[in-house]
Amino acid sequence: MTAQILDGKATAAAIKSELAARVAALKARGVTPGLGTVLVGDDPGSRWYVNGKHKDCAEVGIASIQRELPATASQEDVENVVRELNADPACTGYIVQLPLPKGLDQNPVLELMDPDKDADGLHPTSLGRLALGIEGPLPCTPLGIVELLRRHDVEIDGAEVVVIGRGITVGRSIGLLLTRRSENATVTLCHTGTRDLAYHLRKADIVVAAAGVPHLVKPEDVKPGAAVLDVGVSRSEGKIVGDVHPGVAEVAGWISPNPGGVGPMTRAMLLNNIVEAAERRAGV
Ligand SMILES: Nc1nc2c(c(=O)[nH]1)N[C@@H](CN(C=O)c1ccc(C(=O)N[C@@H](CCC(=O)O)C(=O)O)cc1)CN2
């Protein structure tokens, strides 16, 4: 292994301790930030992620509001929970865990959320604000990736970035983040319709692999010294298999482990969005 590790676990721990201090300062002013989660159905992965979010809240002093609905819940049931959280003053912000079970339409649910309570940065208003350069909550995984790179001093300014995958939580929005003047990268978004992925990969200083295709990114396609972030989650015999072939660690300059890379950063950035929203409202 030649690549240096983009250690998401350690970085997220550092961020959480910074956030704990900010939460303590808010509480001293009489403000307790609260995160709400909406979990629909019984997907074990989604349940694990939601439980993790509440464990993180307890660690930094954020209050937890948990709403659960069975897989048989109707669109109306889910939307009613959203209405309830929109009106709950104890809830600073909340997320609807994705994906929703088959038969439910996520877009009307996301649109119904109060944009000021959007902890995930996935509401159309939040994505619109990001596109327009207006302050607001930012999508957690893209934000976690930027923070992970920054805290390891990986140069983003001027970098050629290749993103693989056009899903809502990562691929669609990360380009908006990385092409802001403050980040100043050049971004190519690749997906299943991309004719020659290897051609794009070979030019990339930074690769964000979020396709969910095991070992899609191969050592021979990676530019020596590149930073490679593995966001893919496939499972084989109970273990995570990422989008990045293990041999890439011999070529890359930086690599994020999976697990232990981008995942913990996603969780830390959700807490960050809640603390920022509480601070904004408290005028801090
Ligand atoms: N409403 C949302 N839904 C989903 C999001 C999201 O950001 N908002 N992202 C993913 C799931 N996710 C958070 O919700 C998430 C995924 C992975 C991790 C994580 O820490 N993973 C661990 C490994 C865990 C394992 O063994 O399975 C790691 O990478 O170390 C945290 C959060 C989809 N849905």
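Residues numbered from 1 in each chain as written. Predicted model: local features only at pLDDT ≥ 70, side-chain atom pairs only at ≥ 80, totals over all residues.

**Some points on the pairing of strand S7 (residues 206-209)**
At step 1: Side chains Ile206 and Val208 project from S7 onto one buried face, and the interleaved Val207 and Ala209 project onto a second face that is buried too.
At step 2: Relative to S7, strand S5 (residues 160-164) runs parallel, the two being bridged by four bridges. Across the sheet, Val161 pairs through a bridge with Ile206, a residue of S7.
At step 3: Judged from the four bridges that link them, S7 and strand S8 (residues 227-230) form a sheet pairing that is parallel. When the bridges of S8 are listed, Val208 appears paired with Leu229. (Buried ≥ 20, exposed ≤ 12 C-beta atoms within 10 Å, placed from the backbone. Helix = DSSP H or I, 4+ residues; strand = E, 2+ residues; numbered from the N terminus. Pairing = 2+ DSSP bridges.)

**Let's talk about the environment of Trp254**
At step 1: Along the polypeptide, Trp254 turns up in strand S11 (residues 254-255).
At step 2: A tally of 20 C-beta atoms within 10 Å means that Trp254 is categorised as buried.
At step 3: Expressed as a C-alpha distance, the spacing of Trp254 and Asp120, which sit 134 residues apart in the sequence, is 27 Å.
At step 4: Not counting residues within four places of it along the chain, the set of residues in contact with Trp254 comprises Ala3, Gln4, Leu6, His152, Val154, Ala227 and Val228. (Contact = placed C-beta atoms within 7 Å.)

**Brief notes about the domain arrangement of the protein**
Quite often, the size of an interface is put as the accessible area lost when its parts meet.
At step 1: With domains assigned, the protein is organised as domain 1 (31-117) and domain 2 (140-263).
At step 2: A C-alpha centroid distance of 28 Å is found between domain 1 and domain 2. (Domains from an automatic or database assignment.)

**Details of the site of the ligand**
At step 1: Near the ligand you find 19 residues, and of these Tyr49, Ile95, Leu98, Pro259 and Gly263 are the closest.
At step 2: Sorting the residues of the shell around the ligand by element identifies helix H2 (44-60), strand S4 (93-96), helix H6 (140-151) and helix H9 (262-282) as the ones contributing at least two each.
At step 3: For the shell around the ligand, the element with the highest residue contribution is H9, accounting for four residues.
At step 4: Its residues assigned to classes, the shell around the ligand comprises nine nonpolar, eight polar and two charged.
At step 5: Taken domain by domain, the shell around the ligand gets at least three of its residues from each of domain 1 (31-117) and domain 2 (140-263). (Near = placed C-beta within 6 Å. Nonpolar A, V, L, I, M, F, W, Y, C, P; charged D, E, K, R; others polar.)

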